Amino acid sequence: QFIVGRLYKGFWLPEPYAPGILAVRRRFTPRPDDVVLTSYPKCGTTWLKALAFAAMARDAYPPVAADHPLRRLNPHACIPFMEDIFTERQEAKLEGLPSPRLINTHTPYSLLPETVTTGGGCKVVYICRDPKDMVVSLYHFLRRLQPDLSFADTFHSVLEGTVPYGPMWDHILGYWHASVARPDRVLFLKYEDLLQNTGEHVRKLAEFMGRPFSAAEEAAGTVASVVELCSFDNMKNLEANKTGATERKYISIAHDAFFRKGVTGDWVNHMSPEMASRLDEIFRDKLRGTVLT
Ligand code: A3P
């Protein structure tokens, strides 16, 4: 059900979320200070949500606070998932959120509402990841929903583009071109860069969202506290993420499914060099003309 969805304007929308994605297009009106956090699934959404929430809400919830929401809640509980809201027709919930709102979606850029992508719109942050690691992460995630799924089948679905929100290369390209055309509105991040220097990217993210860290905060080590609060080891070991589940209309996803290894390069343990070259070759071809590698 999740692998094979509905082909709409060049993208395979997961069947359960297709109505929500289409409704978002028709009905979502952004506030100018909204920040839409977007990603291809399994590319670091949960981490981006945690970092953005911790950075944006740091006055109300200092990252070192023992009762910080991220110590009690899964990051998905802190930021609404647009597809869910619009599938369940709970837009009043979104309206009730105080500004600045953080909202998350996997919707491809070309399918976002025009109210977001044109004019003033609102800010959009995208995170992407090495497709080889995404495939591995996707396989482990989907296998929880579909225990008989094989890695080979997942790999081939990615190659064919028939994965949720796929093809992945068009998903990436949409946001990449948008970030080049509207750099003040669309920030393009990479999971690998975030892992390499999380602090620098938290600063970039906060500045982009309109909440740069002050000199006093820098001196107090607030950036490091945000990084630490949202680190893989910290998040994975929180009770809220070891137990419980995110209830979506059609599925229940155990929280621990969002915290597996949190590294780069795990693909070497899953695919042959031939498979890796094939995937690299396809992405090289599709992303030609950009600086993305
Ligand atoms: P792996 O399966 O490779 O470990 P998403 O949140 O988009 O579903 O992506 C999930 C991937 O992000 C998983 O990758 C998960 O382990 C990783 N991840 C989750 N939280 C993280 C964190 N705080 N730091 C780094 N990686 C994280």
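Taken together, 17 residues are adjacent to the ligand, and K42, T45, T46, S137 and K261 come closest. For the ligand, an oxygen atom lies 2.9 Å from a polar atom in the side chain of R129. In terms of residue count, helix α2 (residues 45-56) provides more of the shell around the ligand than any other element does, 3 residues in total. The class makeup of the residues in the shell around the ligand is 7 nonpolar, 6 polar and 4 charged.

Formed by 93 residues in total, the largest nonpolar core has its most connected members in L70, V125, I172 and C230. If you tally residues by element for this core, the top one is α2, at 9 residues. Ignoring anything within four residues of it in the chain, the contact list for C230 reads W47, A50, L51, A54, L70 and M235.

Here we come to helix α14 (residues 222-229). Since the α-helix packs 3.6 residues into each turn, any two residues three or four apart lie on the same face. All of the buried residues in α14 are T222, V223, S225, V226 and L229. Looking straight down α14, one finds its buried side chains confined to an arc of 160°; they lie on one side. Facing away from the buried side of α14 by more than 90 degrees, the exposed set consists of A224 and E228. Structurally, α14 contributes buried residues whose contacts are with α2, α3 (69-72), α12 (198-208), α13 (215-220) and α15 (232-236).

About the criteria used
- Residues numbered from 1 in each chain as written.
- Predicted model: local features only at pLDDT ≥ 70, side-chain atom pairs only at ≥ 80, totals over all residues.
- Heavy atoms only, no water.
- Near = heavy atom within 4 Å.
- Polar contact = N/O pair within 3.5 Å; in protein donor to acceptor, adjacent residues only side chain to side chain.
- Helix = DSSP H or I, 4+ residues; strand = E, 2+ residues; numbered from the N terminus.
- Nonpolar A, V, L, I, M, F, W, Y, C, P; charged D, E, K, R; others polar.
- Core = buried A, V, L, I, M, F, W, Y, C linked by side-chain atoms within 4.5 Å.
- Buried < 20%, exposed > 50% of the residue type's maximum accessible area, 1.4 Å probe, protein only.
- Contact = heavy atoms within 4.5 Å.
- Arc of directions from axis to C-beta.

Geometric values such as these leave the question of function open.
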